Structure formats: structure tokens, C-alpha cells
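One-letter residues, chain by chain:
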Amino acid sequence: MRLQGNISGADLDDLKEFSDWILAIGDGNIGCSIDGIKKVEIPDDLLIHNCDDPVSGIVESTYSDFLRHFTDIKYLQERAILAPTLQMVESVNEYMVSLNNSQDKSYLSSDTICKSDHAFTSLEHVHTPEFLNSIKCSGIPNHYITLKVGVPVMLLRNIDQSSGLCNGTRLIITRLGNRVIEAKVLSGNMAGDKFLYQE
């Protein structure tokens, strides 16, 4: 839906066909089951041939000449990598961050449980900071993130919908402070606008 605002004509038809294909896979309408595992045939024009490292292959194919174009909003708007697992997302993210020669900065999440009106002291022994920091699942940010200026990011939750800062909004990091991150929106009505996020 976000891409359709920037595309028209034959490209829009191709996008619609691709979107329908992705939805059909998600609904289980495409593919055959072999030993309980669904197998889906990928069209040849979507395959990357002759690459030794799959992560670098997909990044180079999608973001060709990334270092020369990483500040170009249109270049970034037209490209995205879909990954089937969180582990693959992390691999792609780490590789893309490594391509950028800017100084990196690491940020940590909060590592305490909410105190309720009732005293559940037994939960403090189960939900230790180490356990909370190890949780990795969809919709919850990792405990540790490393960012660099010029790296594309995606919001995982709604921050300010009226400003276009909602789940799935893509941005590019423009400045990193000790407690504040500045980023420029890549798509939608607010494309090009900068926002500050305080950790």
C-alpha cells in the first residue's frame, strides 16, 4: 500500500501482481506440501544466480552501489528486502550496517519489568534482566542495536500517526546523539521531513 503512491502505469500492474502473489503465499494458496513443508516455486526473474554469499547477493542485487546512493530518498523508496525470519533480518541488517563507513553508535533497551500494584516478587526471579535482554521476537526490538548515520531503519510501533510515524514507516538515520536519534522519513506525505526520537 505504501509503494502504490509512488508508482503508476505498467509498474503499478507489476506491483499488484507481485502483491497478489505474496498474499497468496501467505494465505497458503500457492505451493505444494512435501512432508508437511510447503514448497513454493519462485519465478526466475526474482532469483539471484551465481552468488556465494546469499546475504551479500541479495543486498548487492537490491541496493546496487549503495554507498553512492544511500542519501538519495528516491533510491531508498524504490527498494526493500523482504526476509522470512528474524534471523535473516538480523543478517541483512548487520551486513548493510557494515557497508557504511560512518562511526557506529550502540543503544540498549530498558531491562526492567513493570512494577504492578500487587507484589509479585517471584516474577523478579523469573524475569531477570538477562532473560528480558535475550528475548527476540516479531514486534519487539532487540535489546542491543547498532546504528550509523545513513542507515535505513523501520519503525516497529506507532509513535505519532498524525505525523506519519507508524508501524512500518521507513526512515534514514541523519544524526546520532547520546540520547536522541534524528531520522528523515523516506515515504508517504512526510517524506523528507526530519524527526527526533529520544530513547
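So, here is what we can say about the structure in this document. Only a predicted model underlies this, so the values are computations on that prediction, with no experimental measurement involved.

As a further point, take the packing of aromatic side chains. The relative placement of two aromatic rings is captured by the distance of their centres and the angle of their planes. Summed over the entire model, instances satisfying the criterion amount to 3 aromatic pairs. For the pair Tyr63 and Phe66, a centre-to-centre distance of 5.8 Å together with 85° between the ring planes defines the contact as edge-to-face. These aromatic residues form a ring-pair network of at least three members: Tyr63, Phe66 and Tyr75.

What follows deals with helix α2 (residues 54-62). Here α2 has its buried residues at Val55, Ser56, Gly57, Val59 and Thr62. In this structure, the buried side of α2 is in contact with α5 (86-99).

Another point: the environment of Lys194. Its location among the elements puts Lys194 in strand β8 (residues 194-198). Leaving out residues up to four positions away in the same chain, Lys194 has contacts with Thr174, Glu182, Ala183 and Lys184.

Here Gly57 lies in helix α2. Classification of Gly57 by relative accessible area gives buried; the value is 10%.

Regular strands place side chains that alternate from one sheet face to the opposite one. Most of strand β6 (residues 170-176) is tucked away: 5 of the 7 residues are buried. Bridge count for strand β5 (residues 152-154) against β6 is 3 bridges, and the pairing is antiparallel. Residue pairing in the sheet places Pro152 in a bridge with Ile172 of β6. Direction of pairing for β6 relative to strand β7 (residues 180-185): antiparallel, over a ladder of 5 bridges. Looking across to β7, one finds that Leu176 is bridged to Ile181. Linking β6 back to β7 in an antiparallel pair, the connection comprises 3 residues.

Here the focus is the environment of Val180. By secondary structure assignment, the location of Val180 is in strand β7. Note on Val180: relative accessible area 32%, which makes it partly exposed. Note: C-alpha distance between Val180 and Tyr197 (17 residues apart in sequence) is 5.5 Å. Residues contacting Val180, with those up to four places away along its chain left out, are Tyr107, Arg175, Leu196, Tyr197 and Gln198.

Before going further, it helps to examine the sheet that holds β7. Judged by pairing direction, the sheet is antiparallel, and its 4 strands sit side by side in the order β5-β6-β7-β8 without closing on themselves. Edge positions in the sheet fall to β5 and β8, since each has one partner strand and no second. When the angles between neighbouring strand axes are averaged without regard to direction, this sheet yields 45°.

Moving on, we come to the packing of α2 against α5. Running from N to C, α2 and α5 point in directions that differ by 65°, and their axes come no closer than 10 Å. In this structure, α2 meets α5 at a crossing whose hand is right-handed. Contacts between α2 and α5 involve Val55, Ser56, Val59 and Glu60 from the former and Met88, Ser91, Val92, Tyr95, Met96 and Leu99 from the latter. Taken together, the residues that form the contact of α2 with α5 break down as 7 nonpolar, 2 polar and 1 charged.

Here we take up the nonpolar core. Residues Val55, Val59, Tyr63, Phe66, Phe70, Tyr75, Leu76, Val92, Met96, Ile172 and Leu186 constitute the largest nonpolar core, which totals 11 residues. Those elements that provide at least two residues to this core are α2, α4 (73-77) and α5. If we skip the residues at most four places from it in the chain, Ile172 touches Phe70, Leu76, Gly150, Val151, Pro152, Glu182, Ala183, Lys184 and Leu186. Judged by nonpolar contacts, the second largest core, of 10 residues, contains Ile173, Leu176, Ile181 and Val185.

Cut-off values and rules
Residues numbered from 1 in each chain as written. Predicted model: local features only at pLDDT ≥ 70, side-chain atom pairs only at ≥ 80, totals over all residues. Heavy atoms only, no water. Phe/Tyr/Trp six-rings, centres within 6.5 Å; stacked < 30°, edge-to-face > 60°. Buried < 20%, exposed > 50% of the residue type's maximum accessible area, 1.4 Å probe, protein only. Helix = DSSP H or I, 4+ residues; strand = E, 2+ residues; numbered from the N terminus. Contact = heavy atoms within 4.5 Å. Pairing = 2+ DSSP bridges. Axes fitted to C-alpha atoms, helices over the stretch in contact; angles between N-to-C directions. Left-handed = near helix turned anticlockwise from the far one by under 90°. Nonpolar A, V, L, I, M, F, W, Y, C, P; charged D, E, K, R; others polar. Core = buried A, V, L, I, M, F, W, Y, C linked by side-chain atoms within 4.5 Å.

Geometric descriptors of this kind do not, in isolation, establish any biological role.
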